[in-house]
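For reference, the chains in residue letters:
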Amino acid sequence: MAAVARSARLAHRLAALSRPAVGRAVASSVAQRTAFSVSAGRMKSEVIKETEVPVTVYSPDAKGVASSNSADHFSIPVKPAATSAPEAAAAEEDAFTPLQEKVYRQMPRTMQKMSIMGKVVIVTGGARGLGNHMARACAEAGAKAIAIFDANQELGDESAAELHQKTRLPVSFFKVDVRDGNAINAAVQNVVDLYGAPDVLVNSAGIADSNIKAETYDPAMFRRLIDINLNGSFLMAQAVGRAMMAAGKPGSIILVASMSGSIVNYPQEQSCYNASKAGVIQLGKSLAAEWAKYNIRVNCISPGYMDTALNRVPALDAQKKIWKSLTPQGRLGAVDDLNGLCVFLASDASGFMTGSNVIIDGGYTLY
Ligand SMILES: NC(=O)c1ccc[n+]([C@@H]2O[C@H](COP(=O)([O-])OP(=O)(O)OC[C@H]3O[C@@H](n4cnc5c(N)ncnc54)[C@H](O)[C@@H]3O)[C@@H](O)[C@H]2O)c1
């Protein structure tokens with residue numbers, strides 16, 4: 001009897017919920033959803049704009065005894081919201097200072113572990129985009145030297161020169177195509193000769209083809225993309241992994257995959273890119289398992305849609321609106337949004353992390 005009554009009550013509640021009611025938005029799609037708050041009306045009339053914030057701090061007395069008489073009262077000024085100054089913001093963004101040894105020594109142990117003080121870092125695809133910004137972040141976070149590997153001679157040279165000028169760190173550029181195993185081996189050996197064995201590889205070189213239907217995909221294009229994104233990741237990891245093993249050095253290999261390795265993007269067809277990145281993720285896991293015995297960690301960063309040259313093509317403008325609408329944060333990732341994760345994975349702070357694939361996508365894959 002009780003069960004019947006319970007199900008009757010539930011049916012009644014569901015029926016009430018499904019009836020359109022005044023003040024309740026009936027959402028048939030994400031776009032039609034209306035924000036709903038029970039406290040918004042009351043809160044509106046209570047908005048207070050302080051010019052200073054009163055603060056009370058209770059501290060124990062000299063004998064360590066808690067006392068309400070020893071409270072310290074003071075006010076902190078409230079600055080009006082800063083007016084936007086895009087040029088100033090851009091200049092600030094562009095300025096970067098490498099971590100100095102003196103500052104490093106004063107840092108708490110946890111922060112020291114999160115730096116990459118004294119490490120030799122190779123970044124592929126470092127001539128521009130995400131790779132370039134991760135190279136800068138590594139320089140800021142204490143790298144001893146940075147080697148940029150990229151197929152683009154002009155941009156690569158420019159980026160290396162800029163990074164060196166801004167940081168005064170040893171920076172080198174190697175014109176290397178990640179499909180070219182012999183060139184990679186020669187370049188990695190040269191990095192060893194110049195700076196010592198690499199501690200970190202960030203493999204960001206990659207290309208994307210999209211809006212190509214599988215039924216008309218040119219097999220030669222398909223092979224080329226797999227060759228760069230997947231085989232290139234393998235060749236780079238193999239060469240750098242060998243150099244780490246030869247030096248008996250622990251190392252961190254970071255492969256830039258994509259959320260496309262775990263989901264199928266919408267609305268564009270891009271089977272080859274998605275397959276290549278799924279391959280990179282599985283390659284990363286396999287290498288992590290094999291090379292743990294050498295103290296070499298291998299992890300993947302899987303970005304969502306990022307605002308880089310790769311996506312800054314007029315043909316993608318309409319789709320970008322859809323991508324943003326499907327991303328809870330409502331934006332594409334900024335070109336430096338991978339920096340923190342990259343430094344963390346490169347650092348000893350992530351020492352127990354290997355074989356992970358970290359998705360960093362503004363929430364895209366939540367839906
Ligand atoms: N931008 C995004 O939305 C996005 C999203 C997910 C994953 N990714 C991945 O992030 C990585 C970087 O993307 P990005 O947006 O900075 O791209 P980007 O085109 O701005 O930069 C890629 C860099 O890789 C270099 N490169 C390309 N092919 C190469 C090759 N064969 N050998 C050596 N260097 C080569 C290019 O010269 C370029 O400097 C790629 O692997 C990409 O698949 C990007």
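What counts and how
Residues numbered from 1 in each chain as written. Predicted model: local features only at pLDDT ≥ 70, side-chain atom pairs only at ≥ 80, totals over all residues. Heavy atoms only, no water. UniProt positions renumbered as here; feature names shortened; annotations may be inferred. Near = heavy atom within 4 Å. Polar contact = N/O pair within 3.5 Å; in protein donor to acceptor, adjacent residues only side chain to side chain. Areas by Shrake-Rupley, 256 points an atom, 1.4 Å probe, with all protein chains shown as cover. 1 Å grid on protein atoms, 1.4 Å probe; cavity = no way out; pocket = protein on both sides within 12 Å on 5 of 7 lines; lining within 4 Å. Sits in = over half its atoms within 2 Å of the grid points. Helix = DSSP H or I, 4+ residues; strand = E, 2+ residues; numbered from the N terminus. Nonpolar A, V, L, I, M, F, W, Y, C, P; charged D, E, K, R; others polar. Buried < 20%, exposed > 50% of the residue type's maximum accessible area, 1.4 Å probe, protein only. Contact = heavy atoms within 4.5 Å. Points joined across faces, edges and corners; volume = space filled by probe spheres on them. Pairing = 2+ DSSP bridges. Axes fitted to C-alpha atoms, helices over the stretch in contact; angles between N-to-C directions. Phe/Tyr/Trp six-rings, centres within 6.5 Å; stacked < 30°, edge-to-face > 60°. Core = buried A, V, L, I, M, F, W, Y, C linked by side-chain atoms within 4.5 Å. Parallel < 35°, antiparallel > 145°, perpendicular 65-115°, else oblique. Left-handed = near helix turned anticlockwise from the far one by under 90°. Right-handed = clockwise from strand over helix to strand, strands pointing away.

Under an unreviewed UniProt entry, the name given to the protein is NAD(P)-binding protein, and the source organism is Parathielavia appendiculata. Among the UniProt annotations of the protein, the heading Sequence similarities (unreviewed entry) holds the following wording: "Belongs to the short-chain dehydrogenases/reductases (SDR) family."

A. Quick peek at the site of the ligand. Close to the ligand lie 28 residues, the nearest being Arg128, Asp150, Tyr273, Thr308 and Asn311. Ala151 is positioned such that a nitrogen or oxygen atom in its backbone is 3.2 Å from a nitrogen atom of the ligand. Taking Thr308, its side chain carries an N or O atom lying 2.5 Å from an oxygen atom of the ligand. Within the complex, the protein chains bury 94% of what would otherwise be the 820 Å² of accessible surface of the ligand. Judged by its atoms lying within 2 Å of the grid points, the ligand is housed in the largest pocket. Listed by contribution, the elements that provide at least two residues to the shell around the ligand are helix H6 (129–140) and helix H10 (271–291). Per-class residue counts for the shell around the ligand are 15 nonpolar, nine polar and four charged.

B. Summary view of the side chain of Ser204. Mapped onto the elements of the fold, Ser204 is located in the loop between strand E6 (200–203) and helix H9 (219–247). Overall, the relative accessible area of 16% leaves Ser204 in the buried class. Setting aside its immediate chain neighbours within four residues, Ser204 contacts Thr124, Gly125, Leu130, Gly131, Met134 and Val256.

C. How the structure looks around the layout of surface pockets. The computed volume of the largest pocket comes to approximately 920 Å³. Residue classes in the lining of the largest pocket are distributed as 22 nonpolar, 16 polar and six charged. Its volume calculated, the second largest pocket comes out at about 250 Å³. If you trace the second largest pocket, you find 17 residues lining it, with Pro250, Gly251, Asn295, Arg297 and Gly351 closest to the centre. A per-class count over the lining of the second largest pocket returns seven nonpolar, five polar and five charged.

D. Here's a closer look at the sheet that holds strand E8 (residues 296–303). With parallel pairing, seven strands are arranged side by side in an open sheet as E5-E4-E3-E6-E7-E8-E9. Only two strands of the sheet have a single neighbouring strand rather than two, namely strand E5 (171–175) and strand E9 (357–360). Put simply, the sheet's adjacent strands are angled 15° from each other on average, direction ignored. Pairing between strand E7 (residues 251–256) and E8: six bridges, direction parallel. Bridging from a neighbouring strand, Ser252 pairs with Arg297 of E8. Where H9 meets the sheet, it contacts strand E3 (120–124), strand E4 (145–150), E6, E7 and E8, and its direction lies at approximately 175° from that of E6.

E. The packing of aromatic side chains, seen in detail. Tallied over the full model, the rule gives four aromatic pairs. Among the aromatic residues, ring-to-ring pairing joins Tyr305, Trp323 and Tyr364 into one connected group.

F. Inspection of the nonpolar core at higher detail. Ranked by internal contacts, the top residues of the largest apolar core, which has 35 residues, are Ile122, Phe149, Val188, Val191, Met236, Ile253 and Val298. Elements with a minimum of two residues in this core: E3, E4, helix H8 (181–195), H9, E7, H10 and E8. When residues in this core are grouped by element, the largest group, eight residues, is from H9. What Val298 contacts, discounting residues up to four positions off in sequence, is Ile253, Leu255, Gly284, Leu287, Ala288, Trp291, Thr354, Gly355 and Ser356. Counting 31 residues, the second largest nonpolar core, distinct from the first, contains Phe96, Ala137, Val171 and Ala346.

G. Representation of the packing of H6 against helix H12 (residues 339–346) within the structure. Axis separation between H6 and H12 bottoms out at 9 Å; the angle between their running directions is 55°. By the angle between their axes, H6 is oblique relative to H12. For the pair H6 and H12, the crossing hand works out as right-handed. Contacts between H6 and H12 involve His133, Met134, Ala137 and Cys138 from the first element and Asn339, Cys342 and Val343 from the second.

H. Broad picture of the pairing of E4. With respect to burial, E4 is a largely interior element, six of its six residues being buried. Because side chains alternate across E4, one face comprises the buried residues Ala145, Ala147 and Phe149, and the other comprises Ile146, Ile148 and Asp150, equally buried. Taken together, the five bridges between E3 and E4 define a ladder with parallel strand orientation. Within E4, the residue paired with Val121 across the bridge is Ile146. Handedness of the β-α-β unit built from E4, helix H7 (residues 153–167) and E5 comes out right-handed.

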